[in-house]
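# Close look at the chain arrangement
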Amino acid sequence: MPSVRGTAESGHVPSGEGAAAGGYVVVDVEATGSSSRRHRVIELAVVLLDRDLAPEGEFTTLLDPQGPVGPTHIHGIEPGHIRGAPRFAGIAARLLTLLRGRVLVGHNVGCDRAFLAAEYARVGVRLPAVPEVCTMRMAADRRRDNPAPYGLSLRACVQALGVTGWTPHTALGDARAAAALFSHFVAQSRATAGGAGVADAAGLERRLLQAAGVRWPEPPVPPTATTTLWKHRSNDSSRRSVPNVRNGSA
């Protein structure tokens, strides 16, 4: 059972930083159930990658779902762990600055996007359609001609690559793992194509251009006006697996 400390750290994100940077935002959410309409996000994390897949930063927080925490046996979060955690409305504006202008990446990314869209809808914000890359789909495509004796879950894909030191079913652990998968698959594709990776490179460049052109809504509250603190698990590794990361902020 993961332990969670009861302190919080602020997460200042300069306004417009996401739009100026471009690149990719790898997302993962832990939720109180499987339905984005009926259940709530209880933890989220983002890992930022630049256009060349170099790590830029990461951010994670627990959230108050304003109700039952759901399957503790899966995500390890108990009611006492979210005491003092912000509600989604309190972090919505800052999260927009991290998402804006970037390609959305995740393992079964459509599920993560559905939960984020539902949470934003509850605070009166329509999450725009953005270019996406799904690492589960990338894994499936690469196994089409070479079936492997393991599944397409994040755990199975990460173990197949020999990635160690990550904590499954924590938002930050899963986001870091998905980022590692994404970088691996892109590098693998380029190597297979003789170092050029023309097809995949063109597809990624197209998505980056599309992401830069997406019109984003104004946040319900300006990021600089909110004083909500972001609260994360104490067992999230303090090892900075992503360079230039400030604990609690990106």
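For the structure given in this document, a descriptive report is provided here.

Rules used throughout
Residues numbered from 1 in each chain as written. Predicted model: local features only at pLDDT ≥ 70, side-chain atom pairs only at ≥ 80, totals over all residues. Heavy atoms only, no water. Helix = DSSP H or I, 4+ residues; strand = E, 2+ residues; numbered from the N terminus. Buried < 20%, exposed > 50% of the residue type's maximum accessible area, 1.4 Å probe, protein only. Pairing = 2+ DSSP bridges.

## Points about unusual backbone geometry
A positive phi angle is found at glutamine 66, which is not glycine, with a value near 60°. You can see glutamine 66 is positioned in the loop between strand E3 (55-62) and helix H2 (72-75). The exposure class assigned to glutamine 66 is partly exposed, which follows from its relative accessible area of 46%. A positive phi angle is found at histidine 169, which is not glycine, with a value near 60°. Here histidine 169 shows up in the loop between helix H6 (154-161) and helix H7 (171-192).

## Considerations on the pairing of strand E2 (residues 41-49)
For E2, a buried count of 9 out of 9 residues is recorded, marking the element as mostly surrounded by other parts of the structure. Of the strand pairs in this sheet, E2 and E3 are connected by 7 bridges, and their pairing is antiparallel. The partner of leucine 44 across the bridge, within E3, is threonine 61. Where E2 folds back on E3, the antiparallel hairpin that results is connected by 5 residues, among which leucine 53 adopts a positive phi of roughly 70°.

## Brief notes about helix H3 (residues 88-99)
Summarising burial for H3: 11 of the 12 residues are buried, a large majority. When H3 is considered as a whole, its buried residues turn out to be Phe88, Gly90, Ile91, Ala92, Ala93, Arg94, Leu95, Leu96, Thr97, Leu98 and Leu99. With its phi angle positive at about 80°, glycine 101 sits one or two positions after the end of H3.

Geometric descriptors of this kind do not, in isolation, establish any biological role.
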